[in-house]
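# A look at the structure
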Number of protein chains: 2
Amino acid sequence: MALIVQKYGGTSVASPERIGHVADKVAGWRSKGNDVVVVVSAMSGETDRLLSLAGAITDSQSPRELDVLLATGEQVTIALLSMALEDRGCPARSYTGAQVHIRTDSAHNKARIRGIEDKHIHTDLAAGRVVVVAGFQGADDHGNITTLGRGGSDTTAVALAAALKADECQIYTDVAGVYTTDPRVVPEARLLDRITFEEMLEMASLGSRVLQIRSVSFAGRYNVPLRVLSSFEEGEGTLITYEDETMEQALISGIAFNRDEAKLTIVGVPDTPGVAHRLLGPIAKANIEVDMILQNVAPDGTTTDFTFTVNRNDYKKALTILEKTAKAMGAREVSGDDKIVKISLVGVGMRSHAGIASTMFEALANEGVNIRMISTSEIKVSVVVDEKYLELGVRTLHDTFKLAQPDSI
Amino acid sequence: MALIVQKYGGTSVASPERIGHVADKVAGWRSKGNDVVVVVSAMSGETDRLLSLAGAITDSQSPRELDVLLATGEQVTIALLSMALEDRGCPARSYTGAQVHIRTDSAHNKARIRGIEDKHIHTDLAAGRVVVVAGFQGADDHGNITTLGRGGSDTTAVALAAALKADECQIYTDVAGVYTTDPRVVPEARLLDRITFEEMLEMASLGSRVLQIRSVSFAGRYNVPLRVLSSFEEGEGTLITYEDETMEQALISGIAFNRDEAKLTIVGVPDTPGVAHRLLGPIAKANIEVDMILQNVAPDGTTTDFTFTVNRNDYKKALTILEKTAKAMGAREVSGDDKIVKISLVGVGMRSHAGIASTMFEALANEGVNIRMISTSEIKVSVVVDEKYLELGVRTLHDTFKLAQPDSI
């Protein structure tokens, strides 16, 4: 007997048949005596269909009207899922974001949730109904329809779980949960029973795209127990919680990696105060996100070298900007490389153990993997290596830290 | 400088290209200084697509959820049209039925409008914006999404025009307006400049399906000047108004006909009080609508004969029911014919002129068209004839009453 918020994404509701399958799952949870609130996305392909309609109208779409358009995607799913539930003898009622008063700011296409009025929902749950809510959308104070941006259905689920003080927020996806690393690279990768919010944030931001980063940080802030599990297979999935005693034992939770990296270097920049800002300012202004930043002062002490990484899609743009800046600042040389990747060890246990980084560097050196950049945080060590070393590097580290075995090290 | 409510149906907004064409028209009206409120239907084909999704989920769809589903159809159109208007430099804002507070009762799938809150709309119009409203939908007092039933967008437009005290409500369709009869049957059929609400009601209910009956009677009740015109061709269309002096001159406005008729006859029913009710009660109970009813008492005065017409789709069902009733009542015989049609002369001028019916019967007799049933009302004379005489009958009458000439008779 618990209050559970479940979220099913686009692939889980891609067809009437799959919606029926989701209805079976939901009705199963309900029949065990749980109160269930379900959040759904648009059927996969639907958002793209709507966007192409809008694209055929104009290239510069009114953000307000784009939200009115896209919000229909989830509205279709909530109606179909509620019908399917009622068809199974499971009373259900659907609500759009506006109907269930998911109040957001007025930032169309990327609105943020401000509050949820849970009156409707509690009334329905008390009456034995499953409540089906459209993810990804809400309404601002003037009643304008807003959307949270693509993938925002996770955030809706977590926000609902927080507002309702749910016992668990279950995110159903097409993977069985969070693995120690990508099973396509390391077949022995192990499904994690648990992971902390902090670790999950690092894993998610590094390309293990199981969950939206925003929803994870939201869940962490409001202390909503989050579970990631598969909508196609049975299984307990991975529970994302606050650090607890049992977790202290695991040094490393997983290995994340990111193939979309590119690095840029500027050499021989006259070392004057404010040089970093003058270099990176124009990059930031062009809406290019910078990830890692390294600075070395040259032996003579009068010039300095900079290296930073950007998303591979922004590489050419960033290079052009940097070359212009270099000329203006009298730098010696600009170079770059878009055939690099980032590999990261992630684990809260790392905090209290010093030797992790050196074990990591040694293991990579033994396999002849040349490290091009290093960056560390409290619960993460990242290295940048040539793209060709990605698989070798990840497998070596997975092996070195014995991640295939439960409760390793 | 007027306040105009315009309604564009499904075929007028069937594609992004056509929506662009509608935006051109609307922006044209706006640029002439008019305040414009636009009501749109779902893109044609969209409602059927949604219904087939629902059909793939279950045969017995929750009426509430069906409304949630179908309401997305118009929501897509309002967003696309508003984008197209803004793209043309014409400020616009879209509203769903619920957003613009089209309050209805809770009869899902066939709700009736109770009221409209026009605050939003007046604010937008005052700010120079075109207001784009989703037709066919509203919300009940609890905020549940309702729909007015198929084709209800006309009603939305008329209700908005009434609430806003609009100068004119323009219904854009795929025909140029209301003709004296179907131009496919009589090529010389003339486009009417004007027609009265009463005449339009008779024309609409008899198969000249230019407008929804409900919206016409609504417009009549609230005295909203209604204009039917083509969204594809230029032209003034047909204005539907209250009777005025100029209209008194026209005896006959048009000839309507209905191919979907079937008639049933029961002969030799013992003539006792309540016989009509006992005959037609079971038909009504089976949700079969009866149109014309004729009763003759037999010469001996002890038995009576009944003939009535139903929609051709209901013919077999009605026949089965009537045969059962006949047995129970001791009637002599039941017969029927589903190869009949109804032709009607319609005109408010008829009231003050006696000879119309006899001229009609004479004209038909001269052409050898055998009349099977006759029924009259204040502004209508209808005859039932064999299906094969439909075209001949309509052409003969169109000719006899000189309808191809303006201000005839």
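On a predicted model such as this, the values are computed, not experimentally measured, just so you know. (Residues numbered from 1 in each chain as written. Chains lettered and ligands numbered in written order. Predicted model: local features only at pLDDT ≥ 70, side-chain atom pairs only at ≥ 80, totals over all residues.)

### Section: the interface of chain B and chain A
Stated formally: Think of it this way: build a C-beta for each residue from its backbone, and any pair within 7 Å is a contact. Helix numbers and strand numbers start at the N terminus; a helix is a DSSP run of H or I with at least 4 residues, a strand a run of E with at least 2. Residues are grouped as follows: Ala, Val, Leu, Ile, Met, Phe, Trp, Tyr, Cys and Pro are nonpolar; Asp, Glu, Lys and Arg are charged; all remaining types, including Gly, are polar.
Each partner contributes to the interface: chain B provides 28 residues, whereas chain A provides 29 residues. With 14 residues, the top contributor of residues to the side of chain B that touches chain A is helix α3 (residues 63–87) of chain B. Of the residues contributing to the side of chain B that touches chain A, the split by class is 14 nonpolar, eleven polar and three charged.

### A few points about helix α11 (residues 356–366) of chain B
Residues and elements named next belong to chain B. The condition is simple: Every C-beta atom is placed from the backbone, and the number of other C-beta atoms within 10 Å of a residue's own sets its class: buried at 20 or more, exposed at 12 or fewer, partly exposed in between. The arc under discussion is defined with respect to the helix axis, by the directions toward the C-beta atoms.
Among all positions in α11, only Ile356, Met360 and Leu364 are buried. Taken down its axis, α11 places every buried residue within 60° of arc, on the same side. Structural note: α11 exposes Ser358, Glu362, Ala365 and Asn366 on the side pointing more than 90 degrees away from its buried face. On its buried face, α11 sits against β16 (333–346), β17 (371–377), β18 (380–386) and α12 (390–400). Downstream of α11 by one or two residues, glycine 368 has phi in the positive range, about 75°.

### What about the relation of the copies chain B and chain A?
Rules: Only residues with pLDDT of at least 70 in both copies count here: their C-alpha atoms drive the least-squares fit that superposes the copies.
For these two chains of identical sequence, chain B goes onto chain A by a turn of 179° and a shift of 0.0 Å along the axis, with RMSD 0.2 Å. Both copies are brought into coincidence by an operation consistent with a two-fold rotation axis. For chain B, the smallest separation between a C-alpha atom and the rotation axis is recorded for threonine 72 of chain B, amounting to 2.7 Å. A shared interface surface links the copies, since 100% of the contact residues of chain B are contact residues in chain A too.

### Concerning helix α1 (residues 16–31) of chain A
Worth spelling out the cut-off: Here the expected span of a helix is defined as 1.5 Å times the quantity of residues minus one.
Its 16 residues place the ends of α1 of chain A 22 Å apart at the C-alpha level, agreeing with the 22 Å of an ideal helix rising 1.5 Å per residue. Those residues of α1 of chain A that fall on the buried side of the exposure criterion are Ile19, Gly20, Val22, Ala23, Val26 and Arg30 of chain A. One side of α1 of chain A carries all its buried residues, which in axial view fall inside an arc of 160°. Exposed and oriented more than 90 degrees from the buried face of α1 of chain A are Glu17 and Ser31 of chain A. On the buried face of α1 of chain A, the contacting elements are β1 (3–8), β2 (35–40), α3 (63–87) and β6 (130–134) of chain A together with α2 (46–57) of chain B. Backbone geometry just downstream of α1 of chain A places glycine 33 of chain A in the positive-phi region, at approximately 95°.

### Examining the sheet that holds strand β14 (residues 290–297) of chain B
Residues and elements named next belong to chain B. Our working definition: Strand pairing requires that DSSP identify at least two bridges connecting the strands. Only the contacting stretch of a helix is used when fitting its axis, a line to C-alpha atoms as for every element, and angles between N-to-C directions run 0 to 180 degrees.
Here we have six strands laid out as an open sheet, ordered β14-β15-β13-β16-β18-β17, and antiparallel in their pairing. Edge positions in the open sheet fall to β14 and β17, since each of these has one partner strand only. Here the average twist between neighbouring strands, direction ignored, is 25°. Bridge count for strand β13 (residues 254–270) against strand β15 (residues 303–311) is eight bridges, and the pairing is antiparallel. From the neighbouring strand, lysine 263 faces β15, where its bridge partner is threonine 309.

### Re the sheet that holds β1 of chain A
All names here are of chain A. The strand order across the open sheet formed by eight strands is β3-β6-β2-β1-β9-β11-β12-β10, and the pairing between neighbours is mixed. Either end of the sheet is taken by a strand with one partner, and the two such strands are β3 (92–95) and β10 (194–196). Neighbouring strand axes in the sheet, compared pairwise and without regard to direction, differ in orientation by 20° on average. When strand β11 (residues 226–230) meets strand β12 (residues 238–241), the two strands line up antiparallel, connected through three bridges. Residue pairing for β12: arginine 227 is matched across the bridge by leucine 239.

### Remarks on the domain arrangement of chain A
Where interface size is quoted, it is often the accessible area lost as the parts come together. Short version of the rule: Boundary definitions for the domains trace back to an automatic or database domain assignment.
According to the domain assignment, chain A consists of domain 1 (3–174) and domain 2 (255–400). Using C-alpha coordinates to define each centre, domain 1 of chain A is positioned 39 Å away from domain 2 of chain A.

### Looking at the packing of helix α9 (residues 275–285) of chain A against helix α10 (residues 315–329) of chain A
Residues and elements named next belong to chain A. Our working rule: Note on convention: near helix rotated counterclockwise from far helix by under a right angle means a left-handed crossing. Clockwise means right-handed.
Interhelical geometry of α9 versus α10 gives an angle of 145° and a closest axis separation of 10 Å. Seen from above, α9 lies across α10 with right-handed handedness. Contacts between α9 and α10 involve Arg278, Leu279, Pro282 and Ile283 from the former and Ala318, Ile321, Thr325 and Met329 from the latter. Classifying every residue of the contact of α9 with α10 gives six nonpolar, one polar and one charged.

### So, the pairing of strand β16 (residues 333–346) of chain A
Residues and elements named next belong to chain A. Alignment of strand β13 (residues 254–270) against β16, held across eleven bridges, turns out to be antiparallel. Opposite lysine 263, over in β16, you have aspartate 337 as the bridge partner. In terms of strand pairing, β16 meets strand β18 (residues 380–386) through seven bridges, oriented antiparallel. When the sheet's bridge partners are listed, isoleucine 340 is paired in β18 with aspartate 386.

### Observations concerning the packing of helix α2 (residues 46–57) of chain A against α3 of chain A
All names here are of chain A. Quick note on the threshold: Small angles under 35 degrees read as roughly parallel and large ones over 145 as roughly antiparallel, with 65 to 115 read as roughly perpendicular and the rest as oblique.
Remark: α2 packs on α3, axes separated minimally by 9 Å, with the N-to-C direction vectors making an angle of 155°. The angle between α2 and α3 places the two elements in the roughly antiparallel class. Remark: the crossing between α2 and α3 carries right-handed chirality. Two secondary-structure elements touch here, α2 through Glu46, Thr47, Leu50 and Ala54 and α3 through Leu66, Leu69, Leu70, Thr72, Gly73 and Val76. Classifying every residue of the contact of α2 with α3 by side-chain character gives six nonpolar, three polar and one charged.

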